[in-house]
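# Chain and residue survey
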Amino acid sequence: MKCNADPLVLKTLAALGVGFNCASMRELQTAAELGVDADNIIFAHTCKPLSHLSFAAQQNVLLSTFDNEAELYKIKEHLPQSNLVLRFRCDTALNAKFGCDVATEAKALLSLAAKLQLRVVGTSFHVGAACEEPAAYERAIATAKLLYDEGKSLGFAMPLVNLGGGFPGRKAHYFAPIATAINAALAKYFANEPIEIIAEPGRFFVETADTLICKIMGKRVVRHASGEIQCILYYLNDGNSGSFSMSRDYSNIQHFRANADKLDMFQSILWGPTCMSADKIADNIYLPNLNIGELLVFPEMGAYGLSRATEFNGMPLPKMLYYARQTV
Ligand SMILES: Cc1ncc(COP(=O)(O)O)c(C=O)c1O
């Protein structure tokens, strides 16, 4: 839900029967308003405020992740009827914030959950955003099996294997090898075990869904002493406080000039519209000498950019236009 919170995107996914990973009371509320069944929601934040836990209880959202002792005590007090999913840390980058350490923490957490008479029903992990390493999923599934066995020895049935997110959106060629690695690992580690598999793909669903079109609002040409153009600074009507809030490479920028291969290209820097000097979108981009009022197109902007955007400095968010090939 956090990846692209556009109401029509959420409504479409809900209509297609997709379940939701919610991280806050507001997201739980949105899912309820979309008519998503409480059984189709996982409250997938491992450090939840008490008020959000109580709200989950009211909404009957009874699947929730944990990765630390304090959370177990909170859940014991405020949502003891919840089914719990132990989130463990993968050995990939980007995993410092969430997930217990498998070697030093997981067993103690499962033991504490047993002591508190809570119900642990599975494991979850996140291999890291836009994963390009299929083997990362395989290693995580091997760990999930270790914890599955550990849980069994403590009396838990932990059939839920939550594969988390990390599936690529724009670099779609990585998806098939990832799916192959996952299927092979599930067959290898969980053969004949009665497991239930879920995943939490964010970027995968929406990254390619949005195309952003920006207008050049201002321009500064920097010249060498000889008068020759050194580089061109373009000031766009959207920037790092808006749709570009998640930095990435912008090598696929397009413009509307015809016969681009015959035009001189210039090193260009793209700036956002705010007064923040850090509002630089990209440098070392090569573009023709464009005019104020011309448009730039940024494909594959549907993941995490606009959902994190603000109207900082009074700069409006872009207008959304929808196009769907099919209705659901
Ligand atoms: C718990 C959890 N699941 C799934 C996702 C979605 O990840 P992605 O967009 O990489 O698929 C995130 C993203 O931060 C997450 O924190």
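Here the structure is a predicted model, which means the values were calculated and not measured. (Residues numbered from 1 in each chain as written. Predicted model: local features only at pLDDT ≥ 70, side-chain atom pairs only at ≥ 80, totals over all residues. Heavy atoms only, no water.)

## Here's the deal with the overall build of the protein chain
Along the protein chain, the regular secondary structure elements total eight helices and 13 strands. For the C-alpha atoms alone, the extent of the protein chain along its principal axes is close to 80 × 40 × 40 Å. Per element, the accessible surface of the protein chain, about 16800 Å² overall, is 53% carbon and sulfur. Each charge sign in the protein chain was given a centre, from 30 positive and 32 negative side chains, and these centres are 2 Å apart. (Helix = DSSP H or I, 4+ residues; strand = E, 2+ residues; numbered from the N terminus. Areas by Shrake-Rupley, 256 points an atom, 1.4 Å probe, with all protein chains shown as cover. Lys, Arg positive; Asp, Glu negative; His and termini not counted. Charge placed at Lys NZ, Arg CZ, Asp CG, Glu CD.)

## Things to note about the UniProt feature "domain: Orn/DAP/Arg decarboxylase 2 C-terminal" (unreviewed entry) in the protein chain
Sites flagged by UniProt as "domain: Orn/DAP/Arg decarboxylase 2 C-terminal" (unreviewed entry) map to residues 208-302. Strand forms 42% of residues 208-302 and helix 0%; the C-alpha atoms that close the span are 6 Å apart. (UniProt positions renumbered as here; feature names shortened; annotations may be inferred.)

## Points about the nonpolar core
Most often, soluble globular proteins keep nonpolar side chains buried together rather than apart. Grouped together as the largest cluster of nonpolar side chains are 57 residues, with contacts concentrated most on Leu72 and Phe125. Examining the composition of this core, we find that seven residues originate from one element, helix α6 (residues 134-153), more than from any other. Not counting chain neighbours up to four residues away, the residues in contact with Phe125 comprise Arg87, Phe88, Cys90, Tyr137, Ala140, Ile141, Asn162, Leu163, Gly164 and Gly165. (Core = buried A, V, L, I, M, F, W, Y, C linked by side-chain atoms within 4.5 Å. Buried < 20%, exposed > 50% of the residue type's maximum accessible area, 1.4 Å probe, protein only. Contact = heavy atoms within 4.5 Å.)

## Focus: the state of the cysteines
In the structure shown here, the tally under the stated rule is zero disulfides. Its sulfur unpaired, Cys47 is 12 Å from the next cysteine sulfur, which belongs to Cys100. Residue Cys231 stays outside any disulfide, its sulfur separated by 19 Å from that of Cys214, the closest cysteine. (Disulfide = S-S within 2.5 Å.)

## Some thoughts on the packing of helix α5 (residues 106-115) against α6
Across the interface, α5 lies against α6 with an axial gap of 10 Å and an inter-helix angle of 35°. Here α5 and α6 pass one another in a crossing that is right-handed. Between α5 and α6, the contacting residues are Ala106, Lys107 and Leu110 on the first element and Leu147, Glu150 and Gly151 on the second. (Axes fitted to C-alpha atoms, helices over the stretch in contact; angles between N-to-C directions. Left-handed = near helix turned anticlockwise from the far one by under 90°.)

## Some words on the domain arrangement of the protein chain
Each assigned domain of the protein chain is listed here: domain 1 (7-207) and domain 2 (210-314). Computed over C-alpha atoms only, the centres of domain 1 and domain 2 are separated by 38 Å. On the domain 2 side, the residues contacting the four residues of domain 1 number 10 residues. Both faces considered, domain 1 and domain 2 share a buried interface measuring about 620 Å² in area, 42% of it formed by carbon and sulfur atoms. (Domains from an automatic or database assignment. Buried area = accessible area lost by both parts, 1.4 Å probe.)

## Overview of the site of the ligand
Near the ligand, the surroundings consist of Lys2, Asn21, Arg87, His126, Ala129, Gly165, Gly166, Glu200, Pro201, Gly202, Arg203 and Tyr304. In this structure, an oxygen atom belonging to the ligand sits 2.9 Å away from a main-chain N or O atom of Gly202. In the environment of the ligand, an oxygen atom lies 2.5 Å from a nitrogen or oxygen atom belonging to the side chain of Tyr304. Expressed as a share of its isolated accessible area of 400 Å², the protein-covered part of the ligand is 86%. Taken together, the residues of the shell around the ligand sort by class into three nonpolar, five polar and four charged. (Near = heavy atom within 4 Å. Polar contact = N/O pair within 3.5 Å; in protein donor to acceptor, adjacent residues only side chain to side chain. Nonpolar A, V, L, I, M, F, W, Y, C, P; charged D, E, K, R; others polar.)

## Section: the pairing of strand β11 (residues 266-271)
Counting buried residues in β11 gives five out of six residues, a clear majority hidden from the surface. By the bridge criterion, four bridges tie strand β9 (residues 229-236) to β11 in an arrangement that is parallel. Within β11, the position partnered with Ile232 by the bridge is Ser268. Here β11 pairs with strand β12 (residues 280-287) via five bridges, running antiparallel. Looking across to β12, one finds that Gln267 is bridged to Tyr286. (Pairing = 2+ DSSP bridges.)

## Focus on the side chain of Lys48
Its location among the elements puts Lys48 in the loop between β2 (41-43) and α3 (50-59). Exposure remark for Lys48: the relative accessible area of 1% places this residue in the buried category. Here Ser64 takes part through its side chain, which lies 3.1 Å from a polar atom of the side chain of Lys48. Non-local contacts of Lys48, meaning those with residues more than four positions away in its chain, are made with Phe43, Leu53, Ser64, Thr65, Glu71, Lys74 and Ile75.

## Looking at the side chain of Ser268
By the element assignment, Ser268 lies in strand β11. On the basis of relative accessible area, Ser268 is assigned to the buried category, the value being 0%. For Ser268, the contacting residues outside a window of four places in its chain are Ile232, Tyr234, Ala282, Asp283, Asn284, Ile285 and Leu287.

## Describing the pattern of salt bridges
Applying the stated criterion across every chain yields a total of 14 salt bridges. Between Asp101 and Arg89 there is a salt bridge, and its shortest N-O distance comes to 3.5 Å. Of this pair, Asp101 sits in the loop between β4 (83-87) and α5 while Arg89 sits in the loop between β4 and α5, placing them 12 residues apart in sequence. When the shortest N-O distance is used, the salt bridge between Glu207 and Arg203 registers 3.1 Å. Overlapping salt bridges, with partners in common, bring together Lys48, Glu71 and Lys74 in one network. (Salt bridge = Lys/Arg side-chain N within 4 Å of Asp/Glu carboxyl O.)

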